[in-house]
Amino acid sequence: METFVFLVAAAICLIGALGVVLSTNPVHSALSLVATLFGVAVLFVAQEAHFLAAVQVIVYAGAIVVLFLFVIMLLGVDRAENLKVDPLVGQRVAAVVLGLAVFALPVVALASTDWEATGALSNLGSIADAAVPDIEGIGTALFTRYVFALEITSILLAIAVVGAVLLAKRSPRPADMLVDLPVRTDTDAASLDDAAGAEGPEDATADSPAAEEGATS
Amino acid sequence: MLNVLAAGVEPSWYLVLSSALFAIGAVGLLIRRNPLVMFMCVELMLNAVTLSFVTFSRMLDDIGGQAVVVFVLVVAAAEVVVGLGIIVAILRRRPDATADDLALLKG
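Remember, predicted model here, so these are calculated numbers, not experimental data.

K.L.:
How do you make sense of the overall build of chain A when you look at a structure like this?
P.N.:
Counting its regular elements, chain A contains 11 helices and 0 strands. Listing every helix and strand of chain A by position from the N terminus yields α-α-α-α-α-α-α-α-α-α-α. Across the 217 residues that make up chain A, the buried fraction comes to 20%. Within chain A, contacts between residues separated by at least 24 positions form 43% of all contacts whose residues are at least 6 apart in sequence.

Given below as structure tokens:
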């Protein structure tokens with residue numbers, strides 16, 4: 001039974017992964033990514049990692065891919081990309097050769113150890129112990145041995161939120177943060193420079209980068 | 001094929017699948033020019049790694065591998081948020097920008 005589940009889920013994963021790489025439309029790539037993430041979640045269930053399977057579906061397929069689709073729709077970059085032309089001659093061949101090498105390296109390493117994993121154990125607990133479900137084992141590990149790492153990841157998430165807000169802010173120039181000015185693109189600003197007299201001297205100095213540079217130098 | 005089905009699934013199959021997914025993601029990262037699709041390929045590679053973590057956790061009968069996957073998830077989420085913020089900031093100014101054009105930080 002596990003063999004059947006594995007074969008079906010592996011086929012979904014591989015088809016989805018190829019879809020991500022080969023789709024010309026970014027929306028199709030994102031939907032193929034959902035297929036791959038879902039297949040990986042099924043493989044997690046097949047390996048008794050039920051909590052991680054649920055988290056995989058909720059966080060990855062639910063949140064991250066929706067974020068991708070949201071950005072695609074927000075920016076309107078959902079038009080097809082021409083994959084026929086190779087911008088750098090010979091780069092694709094080199095990439096495929098490198099990909100085959102990346103695939104072969106772990107497989108050969110695995111074959112050299114007779115398809116068995118070896119290594120030091122963490123002594124955090126066994127996953128085969130039916131009395132301790134996997135979610136309890138993960139929770140115990142996170143809040144005992146890895147508790148400092150867990151706290152640091154919370155700091156990481158807070159920094160990521162602040163960074164994302166700063167990066168996605170529409171007006172990075174400090175003058176625009178103080179005064180509630182309409183948002184302008186660079187071409188608008190350039191045309192405004194020409195018509196600075198009509199705009200008024202205050203607005204021009206606050207708005208054009210060239211004027212700011214001239215003032216500081 | 002029937003022999004394979006009768007023999008049952010070996011944990012190492014998962015590792016082979018994981019390296020295949022990682023390789024596809026790496027090739028995609030190298031050959032695609034759209035920054036969003038390149039980001040999706042990075043997610044693909046991260047997922048391949050989490051799959052191999054879970055498989056090692058099962059092979060060694062140790063919950064530590066599954067605990068690490070939680071951290072990988074958190075770091076992936078943070079990376080996606082910051083990366084998409086950068087992509088939004090760039091593509092808003094230049095909607096046609098591909099990875100080849102993004103040499104703005106070059107000194």
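Back to the write-up after that little detour.
K.L.:
Explain the packing of helix α6 (residues 147-168) of chain A against helix α4 (residues 64-93) of chain B to me, please; I cannot follow it from the model alone.
P.N.:
What describes two packed helices is the angle between their axes and the distance between those same axes. Axis separation between α6(A) and α4(B) bottoms out at 8 Å; the angle between their running directions is 10°. When the interaxial angle is binned, α6(A) and α4(B) end up roughly parallel. On the side of α6(A), the interface is formed by A:A149, A:T153, A:L156, A:L157, A:A160, A:G163, A:A164, A:L167 and A:A168, while α4(B) contributes B:F71, B:V74, B:A78, B:V81, B:V82, B:G85, B:I86, B:V88 and B:A89. Grouping the amino acids of the contact of α6(A) with α4(B) by side-chain chemistry returns 15 nonpolar, 3 polar and no charged.

K.L.:
For this particular structure, what's the right way to read the interface of chain B and chain A?
P.N.:
Quoted interface sizes are often the accessible area lost when the parts come together. Opposite the 66 residues of chain B that make contact, chain A presents 70 residues. Among the elements that take part in the side of chain B that touches chain A, α4(B) stands out by supplying 21 residues, more than any other. Among the residues forming the side of chain B that touches chain A, the class breakdown is 45 nonpolar, 12 polar and 9 charged.

K.L.:
Got a minute to help me understand the confidence of the model for chain B in this structure?
P.N.:
Parts of the prediction with low pLDDT should not have their coordinates interpreted in detail. In the predicted model, chain B carries a mean pLDDT of 85, and 87% of its residues have values of at least 70. This complex was scored by the predictor with a pTM of 0.79 and an ipTM of 0.88.

K.L.:
Got a minute to help me understand the nonpolar core in this structure?
P.N.:
Nonpolar side chains in soluble globular proteins generally cluster together in the buried interior. In terms of nonpolar packing, the biggest core is built from 64 residues, with A:F44, B:L21, B:I24, B:L36, B:M40, B:L44 and B:A67 touching the most fellow members. Among the elements of the structure, α1 (2-22), α2 (26-46), α3 (50-75) and α5 (134-143) of chain A together with α2 (11-31), α3 (35-59) and α4 of chain B are those that each provide at least two residues to this core. For B:I24, the residues in contact, after removing those within four places along its chain, are A:A17, A:L18, A:V21 and B:L44.

K.L.:
Please explain the environment of A:A61 as it appears in this structure.
P.N.:
Residue and element names in this part refer to chain A. Inspection of the secondary structure assignment puts A61 in helix α3. As for A61 and W115, which are separated by 54 residues in sequence, their C-alpha atoms are 31 Å apart. Among residues more than four places away in sequence, those in contact with A61 are V34, L37 and F38.

Conventions adopted
- Along each chain, the written sequence defines residue order, and numbers are assigned to residues from 1.
- The naming scheme follows written order: chains are lettered A onward, ligands numbered 1 onward.
- Residue-level local features of this predicted model are given only where pLDDT is at least 70; pairs of side-chain atoms are given and counted only at 80 or more, and the full residue set underlies all totals for whole chains, interfaces and linings.
- Going along the chain from the N terminus, every DSSP run of H or I of four or more residues is numbered as a helix, and every run of E of two or more is numbered as a strand.
- Residues with at least 20 neighbouring C-beta atoms inside 10 Å of their own are called buried, those with 12 or fewer are called exposed, and the rest are partly exposed, where every C-beta is derived from the backbone.
- By the convention adopted here, residues are in contact when the distance between their C-beta atoms, placed from the backbone, does not exceed 7 Å.
- Only C-alpha atoms enter the line fits that serve as axes; for helices the fit covers just the stretch in contact. Angles between N-to-C directions range over 0 to 180 degrees.
- Note on angle classes: values under 35 degrees are labelled roughly parallel, values over 145 roughly antiparallel, values of 65 to 115 roughly perpendicular, and the remainder oblique.
- Following the grouping adopted for this structure description, the nonpolar residues are Ala, Val, Leu, Ile, Met, Phe, Trp, Tyr, Cys and Pro, the charged ones are Asp, Glu, Lys and Arg, and the polar ones are all others, Gly among them.
- Summary of the metric used: pLDDT quantifies the predictor's per-residue confidence within the range 0 to 100.
- As used throughout, a nonpolar core is a set of buried Ala, Val, Leu, Ile, Met, Phe, Trp, Tyr and Cys residues joined through C-beta atoms within 7 Å of each other.

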